[in-house]
Amino acid sequence: SRPAIPQASSSPPPVNTTTVDSTAAVPSSTALQPTNTSKVVFECKCVRTRPGDELCVAGGVSELGDWDVDRAVRMDGYNFPIWSSGELSLPSLRVIEFKYVLRRADGGKEWETFD
């Protein structure tokens, strides 16, 4: 099961790490050098949204906004409560840190946290 978005925080909490290979995003703790790109889809179960809110994925690469919430990838809730990023091209063979963030319609931000 995917994490839901918890309470608000002003800065990103500890991050998820993912190594992107040619087939999927796989959790890892070892940094590897990028050689090309791979197609990745982020999915998250979140029931805490309200009309006008956006669930996004932000991370430590330019494709995920370099931790800038305003440039984070907006996810689609067409299969609510499952949100999806759509297919993204990310650097392969490299650890990528990311977090889900809820951008509230009123301008607030809620970062994913660990249980």
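J.: Which residues make up the environment of V47, and what values do they have?
T.: Inspection of the secondary structure assignment puts V47 in the loop between β3 (37-45) and β4 (54-59). Contact partners of V47, with chain neighbours within four places excluded, come to F80 and P81.

J.: With reference to specific residues and values, describe unusual backbone geometry.
T.: In the segment running from F80 into P81, the intervening peptide bond is cis, with an omega of 10°. When you line up the elements, P81 lands in the loop between β6 (76-79) and β7 (82-91). Even without a glycine there, the phi angle at D66 is positive, about 50°. You can see D66 is positioned in the loop between β4 and β5 (73-74). According to the relative accessible area criterion, D66 is partly exposed, its value standing at 38%.

J.: Pulling in residues and values, what's your account of the pattern of salt bridges?
T.: Tallied over the full model, the rule gives 8 salt bridges. Here R103 makes a salt bridge to E54, at a shortest N to O gap of 2.7 Å. On the criterion of sequence distance, the pair formed by R103 in strand β8 (residues 95-103) and E54 in strand β4 is long-range, its members being 49 residues apart. Two residues, E110 and R104, come together in a salt bridge whose shortest N-O distance is 3.0 Å.

J.: Would you mind going over the sheet that holds β3 in detail, with residue names and values included?
T.: Spatial strand order, β3-β7-β6: 3 strands in an open sheet with antiparallel pairing. Across the chains shown, the open sheet's two edge strands, defined by having one partner strand only, are β3 and β6. Averaged over all pairs of adjacent strands, the angle between their axes in this sheet comes to 35°, without regard to strand direction. In this structure, β3 lies alongside β7, joined through 8 bridges in antiparallel fashion. Paired with C44 across the two strands is W83, which belongs to β7.

J.: Describe the pairing of β7, listing the residues and the values that go with them.
T.: Summarising the sheet, β6 and β7 pair through 2 bridges and their orientation is antiparallel. Bridge pairing in β7 links D76 to S84. In sequence, β6 turns back onto β7 through a hairpin of 2 residues.

Cut-off values and rules
Residues numbered from 1 in each chain as written. Predicted model: local features only at pLDDT ≥ 70, side-chain atom pairs only at ≥ 80, totals over all residues. Heavy atoms only, no water. Helix = DSSP H or I, 4+ residues; strand = E, 2+ residues; numbered from the N terminus. Contact = heavy atoms within 4.5 Å. Buried < 20%, exposed > 50% of the residue type's maximum accessible area, 1.4 Å probe, protein only. Salt bridge = Lys/Arg side-chain N within 4 Å of Asp/Glu carboxyl O. Pairing = 2+ DSSP bridges. Axes fitted to C-alpha atoms, helices over the stretch in contact; angles between N-to-C directions.

Keep in mind these numbers describe shape, not what the thing actually does.
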